[in-house]
Amino acid sequence: MHPPKAADVANPDLLRLLGRTPVARIRTELPYAHPGFWAKLECLGAGGMKARAAVSMLRGARMRGELRPGAPVVESTSGTLGIGLAFAGQALGHPVVLIGDTELEPSMRQLLRTYGAELELADRPAREGGWQAARLARLREVLRRMPEAYWPDQYNNPDNAAGYASMAAELTAQLDHLDVLVCSVGTGGHSAGLVGPLRRRWPALKVIGVDSVGSTIFGQPARPRLMRGLGSSIHPRNVAHKEFDEVHWVGPAEAVDACRRLARTSFVSGGWSTGAVALVSAWAARVEPGAVVATVFPDGAHRYLGTVYDDDFCHTHGLDTATLAVRPVEIPHPCAVEVGGWARCRTVVDPLAPARALVPAPGEGDAA
């Protein structure tokens, strides 16, 4: 007997589980005491944070006729979007083929396959663009084999950002006021999706982007990155550079320390993105007394038991002996110096903008 077609086993009841996640007050010392900030716990929503984007992208494609009923969906992922697409595929009735790479954690590979996704792995990073470019090259090979498949292109699809309208509505209902929003930046989806609705509610809202050391999103040179889930070796067009008031780059040692502190004292924690935004959120709450600060914890700790929370992994990569920054180094412009740890810049540029926009004028971006 042949298995049922995906369209016959769509489970739209799953959509009722999307979102509706709580916020938690975080007071963990990171690394110093601070007044506290709010964290949106997307780990408690079915499919994690990126299920919102995945459902939005597939629904948008179906409405436009780009995704036929029961047709397969093919996408590149470092893991988190893969979970979201597996959720969306089950809910809407589409088989999902995910293109990962050999640095994807074995537990995540098993989890994606358990959720019914087919997984293909790129086995070496591209000379330019690293693992992301290698995954995209493999993805195009799959699309040639499966011409009926739909590629959401999470990096450049505006439906990615549109999927976070529900999160923005939840935050405006959960918080009486908001002064500072701290967002990790990878594809740029959730920051771009939140900033418009939240600034309509709170026009003076300050937005801080958090990137990974070695990421090229905000104009730093692309380098091999240990941290996954934030940062990029390519230039996603979903990133709304002009909406950010400042950007921070965080290194893996600082992110691990923050994650472990959260797990020990707040019980809620997560992976690289969670550690990075928690560190910057605590700093923002400390340096702006009285400000209401909020961020998003994209997923939980379970995926990272073999990395962030594994002593052997941290020792192998020198994270347990690294000198931890307790405050960011200020740089005047993203192109001024290559950062190697936690750094802050109040000049935010789009690296693909005209060259003249990337060169600071005399005095531009100097720390106050």
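Keep in mind it's a predicted model, so treat the numbers as computed, not measured. Throughout this document, residue positions are counted from 1 along each chain, in the order its sequence is written. Residue-level local features of this predicted model are given only where pLDDT is at least 70; pairs of side-chain atoms are given and counted only at 80 or more, and the full residue set underlies all totals for whole chains, interfaces and linings. The side-chain values count all of the structure's non-hydrogen atoms but skip hydrogen atoms and water molecules.

Caption draft 1: Main features of the sheet that holds strand β5 (residues 118-122). Ordered by their spatial adjacency, 3 strands build an open sheet running β3-β4-β5, and the pairing between neighbours is parallel. With one partner strand each, in any of the chains shown, β3 (73-76) and β5 form the two edges of the open sheet. If you compare each strand with its neighbour and ignore which way they point, the axes differ by 20° on average. Of the pairings in the sheet, the one linking strand β4 (residues 96-101) to β5 comprises 5 bridges and is parallel in character. A pair of strands is labelled paired if DSSP reports no fewer than 2 bridges between them. Numbering goes from the N terminus for both helices and strands, where a helix is a DSSP run of H or I of at least four residues and a strand is a run of E of at least two. To get an axis, a line is fitted to the C-alpha atoms, and for a helix only the part in contact is used. The angle between two axes follows their N-to-C directions and goes from 0 to 180 degrees.

Caption draft 2: Up close: the packing of aromatic side chains. Aromatic contacts are taken between Phe, Tyr and Trp rings whose centres are within 6.5 Å, Trp giving its six-membered ring; a plane angle under 30 degrees counts as stacked, one over 60 as edge-to-face, and the others as tilted. Taken as a whole and judged by the stated rule, the model has 2 aromatic pairs. Note on Phe218 and Phe244: the rings are 5.4 Å apart at their centroids and 90° apart in plane angle, and the pair reads as edge-to-face. With Phe218 in the loop between β7 (206-212) and β8 (246-250) and Phe244 in the loop between β7 and β8, this pair connects stretches of sequence that are 26 residues apart. Using a relative accessible area of 0% as the deciding quantity, one classes Phe218 as buried. With centroids separated by 6.5 Å and ring planes inclined at 55°, the aromatic side chains of Trp272 and Phe313 adopt a geometry described as tilted. Of the two residues, Trp272 sits in helix α9 (residues 272-287) while Phe313 sits in helix α10 (residues 311-316), which places them 41 residues apart along the sequence. Relative accessibility decides the category of a residue: with a 1.4 Å probe and only protein chains considered, values under 20% of the type maximum give buried, values over 50% give exposed, and everything between is partly exposed. For Trp272, a relative accessible area of 2% corresponds to the buried category. On the basis of relative accessibility, which here comes to 17%, the residue Phe313 falls in the buried class.

Caption draft 3: Structural view of the UniProt feature "domain: Tryptophan synthase beta chain-like PALP" (unreviewed entry) in the protein. UniProt positions are given in the numbering used here, feature names are shortened, and annotations may be inferred rather than shown by experiment. With numbering matched to this structure, UniProt assigns "domain: Tryptophan synthase beta chain-like PALP" (unreviewed entry) to residues 17-299. Between the C-alpha atoms that bound residues 17-299 the distance is 15 Å, and the span itself is 39% helix and 16% strand.

Caption draft 4: Highlighting the domain arrangement of the protein. According to the domain assignment, the protein contains domain 1 (15-45 + 158-345) and domain 2 (47-145). Each domain span listed reflects an automatic or database assignment of domains. Inter-centroid distance (C-alpha atoms) of domain 1 to domain 2 is 23 Å. Interface area, domain 1 with domain 2, both sides summed: about 2,400 Å², of which 53% is carbon and sulfur. Within this document, salt bridges are pairs made up of a side-chain nitrogen of Lys or Arg and a carboxyl oxygen of Asp or Glu, the two lying within 4 Å of each other. At the surface where domain 1 touches domain 2, the tally comes to 5 salt bridges. When the shortest N-O distance is used, the salt bridge between Glu170 and Arg52 registers 3.0 Å. Mapped by element, the contributors of at least two residues to the side of domain 1 that touches domain 2 are α5 (158-162) and α6 (165-174). Once two parts are brought into contact, the accessible area they lose, counted with a 1.4 Å probe and summed over both, makes up the buried area.

Caption draft 5: Fine view of unusual backbone geometry. The residue after Leu30, namely Pro31, is reached through a cis peptide bond having omega -15°. Relative to the elements of secondary structure, Pro31 occurs in the loop between β1 (23-26) and β2 (37-41). A positive phi angle, near 60°, is found at Arg20, a position not held by glycine. The residue Arg20 is located in the segment before β1 in this model. Given the relative accessible area of 62%, Arg20 is considered exposed. Of note, the phi angle at Phe267 is positive, near 70°, even though the residue is not glycine. Considering the arrangement of structural elements, one finds Phe267 in the loop between α8 (252-265) and α9.

Caption draft 6: View of the side chain of Lys40. Relative to the assigned elements, Lys40 resides in strand β2. The class of Lys40 is buried, set by a relative accessible area of 0%. The definition of a polar contact used here is a pair of N or O atoms within 3.5 Å, where within protein one atom must be able to donate a hydrogen and the other to accept one, and adjacent residues in sequence count solely through side-chain atom pairs. A distance of 2.6 Å separates a polar side-chain atom of Lys40 from the backbone oxygen of Thr21. Any two residues whose heavy atoms approach within 4.5 Å are treated as being in contact. Leave out the neighbours within four places in its chain, and Lys40 touches Thr21, Pro22, Val23, Arg52, Met167, Glu170, Leu171, Gln174, Thr295, Val296 and Phe297.

Caption draft 7: View of the sheet that holds strand β9 (residues 293-297). With respect to topology, 8 strands assemble into an open sheet ordered β1-β2-β9-β6-β7-β8-β11-β10, the strand pairing being mixed. Of all the strands in the sheet, the pair left with one neighbour each is β1 and β10 (329-330). In terms of strand pairing, strand β6 (residues 180-184) meets β7 through 5 bridges, oriented parallel. Within β7, the residue paired with Val182 across the bridge is Ile208.

Caption draft 8: Representation of the nonpolar core. Here, nonpolar core refers to any group of buried Ala, Val, Leu, Ile, Met, Phe, Trp, Tyr and Cys residues whose side-chain atoms link them within 4.5 Å. Counting residues in each nonpolar core, the largest one holds 40 residues, and the members touching the most others are Ile26, Phe37, Val182, Val210, Trp272, Val293 and Phe297. Looking at this core, the elements that each hand over two or more residues are β1, β2, β6, β7, α8, α9, β9 and α10. Among the elements that make up this core, the one with the highest residue count is α9 (10 residues). Setting aside chain neighbours within four positions, we find Phe297 in contact with Ile26, Phe37, Ala39, Lys40, Leu41, Glu42, Cys43, Leu262, Val268, Thr274, Val277 and Ala278. Leu194, Trp202, Val339 and Ala343 belong to the second-largest nonpolar core, a separate cluster that totals 30 residues.

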